[in-house]
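# Secondary and tertiary structure notes
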Amino acid sequence: MNEKTTSTSGNSRKYWQSLTQMAETPEMAGAISGEFSGYDPEKLVNTSRRKFLKLAGASMALAGVTLTGCRRWPKENVVEQNSRPIGRIPGVPEQYATVWELGGVAQPLLITTYDGRPIKVDGNPMHPACATFGGKLGSSTMMAQASILEMYDPERSRGITMRAKGKQSRQPVTLEAFKAFTAEHFAPYQGNGDKLAVLIEETRSPTVDNAFAAFKKAYPAAKVYEYEALSRDNELVASKAVFGQPARQILDLKAAKIIVSFDADLFGNHPYALKHINDWAQGRKTADTTKTMNRLYVVESRYSVTGSNADERLPVSVRVMEQLILQLAYKAGLGDGQASLSPEQISYIDAIWADLAKNNGSAILAGGYTLRPEVLGVLAAINDKLGSFGKTIKLISEPDRPTHVEAIKALVESINTGGVETLVILGGNPVYDAPADLGFANALGKVATKINLSLYDSETSFACDWHVNRAHYLESWGDATMYDGSVGIQQPTIEPLFGGQSVAELVSLMAGEPLSGQDLLYRTWGSRLKEQFVATSTSFQKILHDGFVEGTPAAITLKGVNKPSVSFDAAAEGVELRFAPDYKVYDGRFANNGWLQECPDPITKITWDNVAQISYADALKWGVQQRDHAEDILSIEIGGKTLEIPAYVVPGQPVGVINLPLGYARKIAGAMLLTERNGAIGADVGYDTFSLRTSRAMWSVAGAKVTNTGKTADVASTH
């Protein structure tokens, strides 16, 4: 570093060559001890260089230390300039609108680039989904903010690899070699496609749909399955039962005076959380002028971000919550009361109904997608009784499809019966997150040819014969649908760093028409806009500039709402396990993102880990001691499966319910060298709660046996 400073002792001048040497001086040690009590400089000095670089590698790339050859435009379109291009000033940031899809829902974004390098992610200020309190626009989620780090991550997959038959090691191959393989391998399937299957993560992209239309035309007998570990399937099933068609509920919290949430977490992991937060906050702000404001009731089986903002909060198990909902239906004149509830619980429902009844047409009952479809149907019937549909709740159509659990089950069954010879897995990580009872990893081993498209080397990609590196959304053309039904354009802000393929491009390649993502997008939007030269059309240029098409689908007009019957499992007793998406790593796909891992959980303040969140009463029952960082390890047994995981006391957690965040204990979470499987940031971090999650109980299950092992584990927390 070759820097220098002066010593405070006498007039002598003292030189230091590094920050480490400076930190070891008596003067600095004294200053630090006074400012930071308990600081141990040895812990910093002895941090391994490899560990530091693992954590900082992507950040340094973003800062421009590495990947210095990044370009905004494809090479073939670059033209030398002897003078500054009109409208461009070197060093002045530029912004581009785009969208980012997560779980089949797109977020409208605005990407700031600096000299051709994307450096910042914000919300698109032109889209209502990005509204923030106070009238300002441009908010984005924590995951969207951190997604830019993935693009610069040195552990991203950098190329295509292939495993020869009978071999464990994988070898790099060129894109041209992979294209030659696909042309030869898929040729026999042309015109039929029997025993050819595709497994894709949830997407609502018109361009991907268009590519699959060509794929199905080439292989009419091929099967396409869709699976997401965290899906809103229960809402889809409920809407088909009560509305007669698949529908999505768009909540207008700004127009609601009374909001009741049953495990919905409207401000947390909900796809429309940013809009919900802004609308709810505006309803609170009205107290400044009208002396009245909205009221938020939250009934939940775990302590959530939404629950932390509630006016009235009731923590209960999922089983009790269902009975509370039926008691509310009884108050609405839609069923029988629940005698099994306590007087306090019945009184709580009475208070909720009193507020709802006084605010007919300006109330919302929101049910979480973790609730059973029958229970969500009861909530829909109560909303109909309150006159909420068409006022505070808008219904828009959704595609009719099998549930994700049905799809993954059908695929595994087809594989086990010899119905699949070639399987193409586009995104996702089912070897890691498929329901534990299906044995997906074992079934995958029976498939003769397995191809995986993934941004990172993962448990699934390592189990496949071919791994194709996926292009980051900031590097590729595409489109996607927002939660409100509006459609946005995904435009690249940089040339692909490692020549990756998008989903649409790989589907097009398999269909025998290897088009670029840009050509596929132009074909789709040329048809939608009825423009022959869509690339230069004024209408498309406006969409590209804005980032989305103005307007949303028309609301569904209800002809009636059917109230389904709800039955209870009388044998469902004992400790209840509640599975939930992690606030940072989601379903595990962001496990290798150092920014997200380092960010404290909004409820527990834990970093780099997941824990069994329990109540104080349960901690006393199981002899769990509360210490600084070292937490007691519980053994949780259910359905013949056992998981050992640290316990963490969370005030407000329902008694008898253990909340288990998903997405940790990844084994392969990033590509280092082709011969290495370890070393990634997200590998071997936390505990595998997916191991207890089955297709019969994707969100909650009762009857767990819990014991204290007597062992402890260190848990990092910012408390």
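No experiment lies behind these values; they were computed from the predicted model shown.

Rules behind the numbers
- Residues numbered from 1 in each chain as written.
- Predicted model: local features only at pLDDT ≥ 70, side-chain atom pairs only at ≥ 80, totals over all residues.
- Heavy atoms only, no water.
- Helix = DSSP H or I, 4+ residues; strand = E, 2+ residues; numbered from the N terminus.
- Buried < 20%, exposed > 50% of the residue type's maximum accessible area, 1.4 Å probe, protein only.
- Contact = heavy atoms within 4.5 Å.
- Polar contact = N/O pair within 3.5 Å; in protein donor to acceptor, adjacent residues only side chain to side chain.
- Core = buried A, V, L, I, M, F, W, Y, C linked by side-chain atoms within 4.5 Å.
- Pairing = 2+ DSSP bridges.
- Axes fitted to C-alpha atoms, helices over the stretch in contact; angles between N-to-C directions.
- Phe/Tyr/Trp six-rings, centres within 6.5 Å; stacked < 30°, edge-to-face > 60°.
- Lys NZ or Arg CZ within 6 Å of the ring centre and 35° of its normal.
- Salt bridge = Lys/Arg side-chain N within 4 Å of Asp/Glu carboxyl O.
- Parallel < 35°, antiparallel > 145°, perpendicular 65-115°, else oblique.
- Nonpolar A, V, L, I, M, F, W, Y, C, P; charged D, E, K, R; others polar.
- Expected span 1.5 Å × (residues − 1).
- Arc of directions from axis to C-beta.
- 1 Å grid on protein atoms, 1.4 Å probe; cavity = no way out; pocket = protein on both sides within 12 Å on 5 of 7 lines; lining within 4 Å.
- Points joined across faces, edges and corners; volume = space filled by probe spheres on them.

Okay, the environment of aspartate 582 next. Position of aspartate 582 relative to the elements: it lies in the loop between strand S21 (575-580) and helix H21 (594-598). The exposure class assigned to aspartate 582 is buried, which follows from its relative accessible area of 3%. Put simply, aspartate 582 and proline 661 are 79 residues apart on the chain and 5.0 Å apart in space, counted from C-alpha to C-alpha. Leave out the neighbours within four places in its chain, and aspartate 582 touches Met143, Asn269, Asp601, Pro661, Leu662 and Tyr664. A polar contact of 2.9 Å, which involves the side chain of aspartate 582, links it to the backbone nitrogen of lysine 584.

Quick look at the nonpolar core now. Among the nonpolar cores identified, the biggest contains 68 residues, and Leu423 and Ile658 are the most heavily contacted of them. With sequence-adjacent residues up to four places away left out, isoleucine 658 is seen in contact with Val575, Glu576, Leu577, Arg578, Ala612, Gln613, Ile614, Trp622, Ile636, Gln653 and Val706.

With respect to the element layout, serine 635 can be found in strand S23 (residues 630-638). Those residues within four positions of serine 635 in sequence are excluded, and the remaining contacts are Thr642, Leu643, Glu644, Lys705, Val706, Thr707 and Thr709.

Here we have seven strands laid out as an open sheet, ordered S7-S6-S18-S17-S16-S8-S9, and mixed in their pairing. Both outer strands of the open sheet, strand S7 (171-173) and strand S9 (223-226), are each paired with one neighbouring strand and no more. The sheet shows a mean angle of 20 degrees between the axes of neighbouring strands, direction not considered. Relative to strand S18 (residues 466-469), strand S17 (residues 449-454) runs parallel, the two being bridged by four bridges.

Buried residues dominate strand S16 (residues 422-426), accounting for five of its five residues. Of the two faces of S16, the one carrying Thr422, Val424 and Leu426 and the one carrying Leu423 and Ile425 are both buried. Bridge count between strand S8 (residues 196-200) and S16: five bridges; the pairing is parallel. Within S16, the residue paired with isoleucine 200 across the bridge is leucine 426. Alignment of S16 against S17, held across five bridges, turns out to be parallel. Bridged to leucine 426 within S17 is leucine 453.

Under the defined criterion, the tally for this structure stands at 18 aromatic pairs. Ring geometry for tryptophan 100 versus phenylalanine 590: centroids 6.0 Å apart, planes at 50 degrees, classification tilted. Residue tryptophan 100 is located in strand S3 (residues 94-102), and its partner phenylalanine 590 is located in the loop between S21 and H21; the two are separated by 490 residues in the primary sequence. Overall, the relative accessible area of 7% leaves tryptophan 100 in the buried class. When the centroid spacing of 5.2 Å and the interplanar angle of 75 degrees are considered together, the rings of tyrosine 369 and tryptophan 699 count as edge-to-face. Of this pair, tyrosine 369 sits in the loop between strand S14 (363-367) and helix H13 (373-385) while tryptophan 699 sits in the loop between strand S25 (657-661) and strand S26 (700-714), placing them 330 residues apart in sequence. The two residues tyrosine 369 and tryptophan 699 agree in class, both being buried. Of the aromatic side chains, those joined through ring pairs into one cluster are Phe186, Tyr189, Phe212, Phe215 and Tyr219. A cation over an aromatic ring shows up here: arginine 163 above the ring of phenylalanine 462, its NZ or CZ 5.0 Å from the ring centre. Residue placement shows arginine 313 over the ring face of tyrosine 303; its charged tip is 4.2 Å from the ring centre.

The subject of this paragraph is the pattern of salt bridges. Inspection of every chain in the model, using the stated rule, returns 34 salt bridges. Between glutamate 576 and arginine 319 there is a salt bridge, and its shortest N-O distance comes to 2.9 Å. Of this pair, glutamate 576 sits in strand S21 while arginine 319 sits in helix H11 (residues 318-331), and the two are 257 residues apart along the sequence. Look at glutamate 576 and you get buried, because its relative accessible area is 2%. Residue arginine 319 is classed as partly exposed on the basis of its relative accessible area of 23%. Through salt bridges that share partners, Glu201, Glu228, Arg470, Asp587 and Arg589 make up one connected network.

Next up on the list: the packing of helix H7 (residues 206-218) against helix H18 (residues 503-510). At a minimum axis separation of 9 Å, H7 and H18 run at an interaxial angle of 10 degrees. Taken as axis vectors, H7 and H18 run roughly parallel relative to one another. Taken together, the residues of H18 that come into contact with H7 (itself represented by Thr207, Val208, Ala211, Phe212 and Phe215) are Val503, Ala504, Val507 and Met510. Here the contact of H7 with H18 is composed, by residue class, of eight nonpolar, one polar and no charged.

The four strands lie next to each other as S13-S12-S11-S14, forming an open sheet whose pairing is parallel. Each edge of the open sheet is held by one strand with a lone partner, namely strand S13 (312-315) and S14. For this sheet, the mean inter-axis angle between neighbouring strands, taken without regard to orientation, is 10 degrees. Pairing of strand S11 (residues 258-262) with S14, which is carried by five bridges, proceeds in the parallel orientation. The residue bridging isoleucine 258 from the neighbouring strand is alanine 363, located in S14. Where helix H12 (residues 343-358) meets the sheet, it contacts S11, strand S12 (295-300), S13 and S14, and its direction lies at approximately 145 degrees from that of S12.

A rise of 1.5 Å per residue sets the reference length of helix H9 (residues 273-285), with its 13 residues, at 18 Å; its end C-alpha atoms lie 18 Å apart and thus fit the reference within 8%. Turning to H9, the residues buried within the fold contact strand S10 (247-251), S11, helix H10 (287-290) and S12.

A separate point is H12. The terminal C-alpha atoms of H12, which comprises 16 residues, lie 23 Å apart, in line with the 22 Å expected from a rise of 1.5 Å per residue. Within H12, burial applies to Gln345, Tyr348, Ile349, Ile352, Trp353, Asp355 and Leu356. Along the long axis of H12, the arc covered by the buried residues comes to 160 degrees, so they all point the same way. Projecting away from the buried face of H12 at angles above 90 degrees are the exposed residues Pro343, Glu344 and Lys358. In this structure, the buried side of H12 is in contact with S11, S12, S13, H11, S14 and H13.

Gaps between atoms show up when a probe of the same size as a water molecule is rolled over them. Its boundaries defined by the atoms lining it, the largest pocket holds a volume of some 1000 Å³. Along its surface, the largest pocket is lined by 40 residues, and Arg372, Arg696, Ala697, Ser700 and Val701 are the ones closest to its centre. Elements with a minimum of two residues in the lining of the largest pocket: helix H8 (233-243), H11, helix H14 (404-416) and S26. Classifying every residue of the lining of the largest pocket gives 17 nonpolar, 11 polar and 12 charged.

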